[in-house]
Amino acid sequence: MQQAKDNTDLLLDPLTRRSNGYYLLVSVLLAICGWGTYAYANQVISGIGVWGVRSEVIWAVDITNFVFFIGISHVGALMSAILRLTSADWRKPITRLAEVVTFASLLVAVTWPIAHLGRPDRWINLLIYPKLQSPLVWDLLCITTYMIGSTIFLYLPLIPDIAKCRDRLTNVSRFRRRIYSVLSLGWTGSESEMQYLEKAIGIMTILIIPIAISVHTVVSWDFAMQLRTGWNSTIFGPYFVTGALLSGVATVLLVMAALTKFYHLDEFITRKHFDYIASLLLALNIVMIYFTINEYMVPGYKVLGQGTMEGEWLSSLLWGIYWPRFWFQIIAGLILPAIILSVPKTRTITGYLVASLLVDIGMWVERFNIVVPSLALPQLPYAWGQYSPTWFEISTTAASFAGFALVYLLFTRTFPIISMWETADQSDQSTHKKIPTKILPTRTLTGASDSVFASRRRFLNYGAMMVAGFTLGSVSSNIATAVVRGVKKNSTDITVPISTLGESVSVTDVRSMAKFQVEKPAKMPMGSKLDDVRVGNNGKLVTLLYVNPTVPKISMYASDVGFVILEMADPKLDTPPTYLPNGFKRVNVKLNSGFAREFSGAEFDNRDEPGQLQWWEGGVHFVLLANLPIEQLRQIAESMEPI
Amino acid sequence: MGLSRRQFLSIAGSAAGGAAFVSIMENLRPLTAAETIQLTSVQDASVKKWIWVIDLEKCNGCMKCTEACTVEMRVPPAWGEPQYEGYQPWIQVFGTVGSDQQAVFLPVPCQNCQNAPCVKVCPVGANYYSEDGIVLVDQLRCVGTRICMGACPYQRRFFNWFDPPVSEEEKSIPYSPDYNIPHRRGVVEKCIWCRHRVVDGKVPACVEGCAKAGMKVLWFGDAAQDAVSDGEEVVRLSQMIKNRGAYRLKEDLGTDPRVLYLPPQGGST
């Protein structure tokens, strides 16, 4: 028991110790993240063209990073779920460490799909108009569910340890004490609580495995579902999942080494753990080699040296422009680690670290080799697509890795990185095992303690909350849809009293210049003033600009233009089309056919589509632009009379 | 226009391009009788079935079609891609030197697949078929994932990497997916077969440009009415296909494109 207490102190030590080195490291990581954010802000302002991606190579480092970070996130599910199910008890000290890799890498990974959008300001469209036919929507659903699931999975075994932090760490800041007390959910550590907790963990263990596998399979389908040479592969799902586990295990090995070195955890993470993890890495590495042979040898046998597109693609990898990257991935990323991990002489901690580092770099390059050459391959007879990353992509990538390290570091400084209740209190653990698994009568338990896990009902409440969380993840799209639609509807509830008091300036010149009968409204929003009349397109286009201080501005016009009337006698546009454009509804103006659309809200680049009403009358196409409700637009339109 | 014919020939004639081109030509196959009938049969005449016939025999690579397109659609720039000079080539003319030392040219507009991979993969449904079968992009909905560009086997989609220059006149044109002006940043652009023109019974701008140059390479029409036109004369589609043997690009992918190519006489059967 004395020993256990010492262990707990040892594990809690990093949570209170703060050295200059720690602050320096956090500052450096923050600086890199800040630099990346600066680069990203630049990209948002100028356009995604600041990246090196262009018409052929439309994705490059962005999607590579996304696949890589999603990949290493799989190790949490492997360590905790698969090893838990197979009763590999040696995993206990490294379970949480792997789950935090999952947590941190997922946080980083989800930034990339948003960052790579041409219109990041419109990301909400993915929730408003999701099209289930698209692999990207499957991604969205799977990754959201995985994030929620893996966070719960990380949190559940953390509860007893947070309670211990709450009880032991009384000299930390008030803010942290509050975090501990809220997150520990009033845990007391009674036997019944422990029983319920283990049951909850058991349920999550089963749930998380299919979710994790679905995530990377779906990520692989982003590629495999497209008609692209090199992506047209049926083994992409298992190939990606294996690669994900491989890179994840390599990352865990690196993290284990760093933690044992800096937090003095040698007592918990021993040579045995390194050996076991290294064996796991070797096994996955060999499976990966097997998949790689399948992926390249099968097409190679058939098409290598042929003038077909697949032949061109394969020879570009084997001895064409991409050979250095391809052979780096094969030799340094797969074969060399396999040798290091299997030769007894190099089965040392240093050897493991070198192998892990090679595997991680190799897997990043492997993803890059999947994304870029297939895109650069010309689909029609033309030159190959070119790609080289710009400093914007490099900075954002650096920020991703720094962000991953930062999240990890902060986590280890806030919560114990090794599960204390599973390792340090081995003696307690053994007593729990003796309890019959049958659930005790509720009445007995209620009196035992006031913890949230104390009664069956309260446990069920929390179970229900967890289920609700999952459901929330899957239906979040619908909820967000409703909310956003509601908000959008409200934005057009602007009413301006219509009167005949609008002032006008002389427009006699228009009469002689225009090639058709120009009209202007008799009724208009209160306070409107005709500001400018423009005649263009050889007298076939007349624009009337009205200023009005109360009507929401149309951002594509300068100053405070409240509404605009365009009149066109352009043969290109002078007859009403037979179809109804997206987002419009039919509205008749003076019995002439027309259509109108509500104001859709300002867009990011200030080129929004204002509310508009278009109608056709006597060979002239009228367009009224104003951020007003459709009914008011119609009132203005009906009052049009010749100048 | 900045599109120098010699320059484009020299790039296109490079080894990789040449090999790929030959492979495409090898993959082409004549349409079966059933397919010809299906393409030309009169169904519901009120629903247009736009079709494009491109006569490779007559094309000399003058690129008047690309120029007409760039003017009509106010095509945004391609932003310094080494392959493209100037503007996004919505209709692009590929060229290579054939085995008999004769130059071969291949104008490629959007193929308007009826089983379009780009429409399938769009996560927000911004790609859609108009009722007459033209693939359109709602650029107010597009979020710019670019997955449709990856999915397009003909590389006929382009992206506005920065803010395109927009004149005052363009700003005054109300945006519609049928006439996607003014152009905006961060969304996908493509040839829309000049839908704003064809619904009014006119041929696309590039067809007109080709006819004005006296080339008669591009023929546009309605398969439901079995007629194609270059803007000046009208001919029977079924006759044109039957006499020459029409091909479609990458037939084996099953995308069901609406563009038929008539091979140069030297290469046809």
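Residues numbered from 1 in each chain as written. Chains lettered and ligands numbered in written order. Predicted model: local features only at pLDDT ≥ 70, side-chain atom pairs only at ≥ 80, totals over all residues.

Student: Residue-level account of the sheet that holds strand β10 (residues 234-236) of chain B, with values.
Tutor: All names here are of chain B. Across the sheet, five strands lie side by side as β10-β9-β8-β1-β11; this open sheet has mixed pairing. Because the sheet does not close on itself, it has two edges, and the strands there are β10 and β11 (259-262). Across the sheet, the mean angle separating the axes of adjacent strands is 30 degrees when strand polarity is ignored. Here strand β8 (residues 218-222) runs beside strand β9 (residues 227-229); their pairing, made up of three bridges, is antiparallel. Counterpart to Phe220 in the pairing with β9 is Ser229. (Pairing = 2+ DSSP bridges. Helix = DSSP H or I, 4+ residues; strand = E, 2+ residues; numbered from the N terminus. Axes fitted to C-alpha atoms, helices over the stretch in contact; angles between N-to-C directions.)

Student: Can you lay out the packing of helix α12 (residues 236-263) of chain A against helix α13 (residues 271-303) of chain A for me, pointing to particular residues and giving the numbers?
Tutor: All names here are of chain A. Relative orientation of the contacting elements α12 and α13 amounts to 155 degrees, with a least axis distance of 9 Å. It follows that α12 is roughly antiparallel to α13 by the angle criterion. Taken as a pair, α12 and α13 cross one another with a handedness that is left-handed. Every residue of α13 that contacts α12 at Pro238, Tyr239, Thr242, Gly243, Leu245, Leu246, Val249, Ala250, Val252, Leu253 and Met256 is listed here: His273, Phe274, Ile277, Ala278, Leu280, Leu281, Leu284, Asn285, Val287, Met288, Phe291 and Glu295. Of the residues contributing to the contact of α12 with α13, the split by class is 18 nonpolar, four polar and one charged. (Parallel < 35°, antiparallel > 145°, perpendicular 65-115°, else oblique. Left-handed = near helix turned anticlockwise from the far one by under 90°. Contact = placed C-beta atoms within 7 Å. Nonpolar A, V, L, I, M, F, W, Y, C, P; charged D, E, K, R; others polar.)

Student: Please provide a residue-by-residue account of the confidence of the model for chain A, values included.
Tutor: On average, residues of chain A carry a pLDDT of 79, and 81% of them reach 70 or more. For the stretch residues 485-505 of chain A, pLDDT sits under 50, and the model shows 29 contacts to residues farther than four places along the chain or on other chains. (pLDDT = per-residue confidence, 0-100.)

Student: Outline the environment of Glu631 of chain A, supporting the account with residue identities and numerical values.
Tutor: Mapping Glu631 of chain A onto the fold places it in helix α23 (residues 630-638). By C-beta crowding, Glu631 of chain A is classed as exposed, having 11 other C-beta atoms within 10 Å. (Buried ≥ 20, exposed ≤ 12 C-beta atoms within 10 Å, placed from the backbone.)

Student: Now, about the environment of Ser374 of chain A: what can you tell me, with residues and values included?
Tutor: Residues and elements named next belong to chain A. Inspection of the secondary structure assignment puts Ser374 in helix α16 (residues 349-376). On the neighbour-count criterion, Ser374 (22 C-beta atoms within 10 Å) is buried. In this structure, the C-alpha to C-alpha distance between Ser374 and Glu56, residues 318 residues apart in sequence, is 9.5 Å. Setting aside chain neighbours within four positions, we find Ser374 in contact with Arg228, Thr229, Gly230, Trp231 and Trp313.

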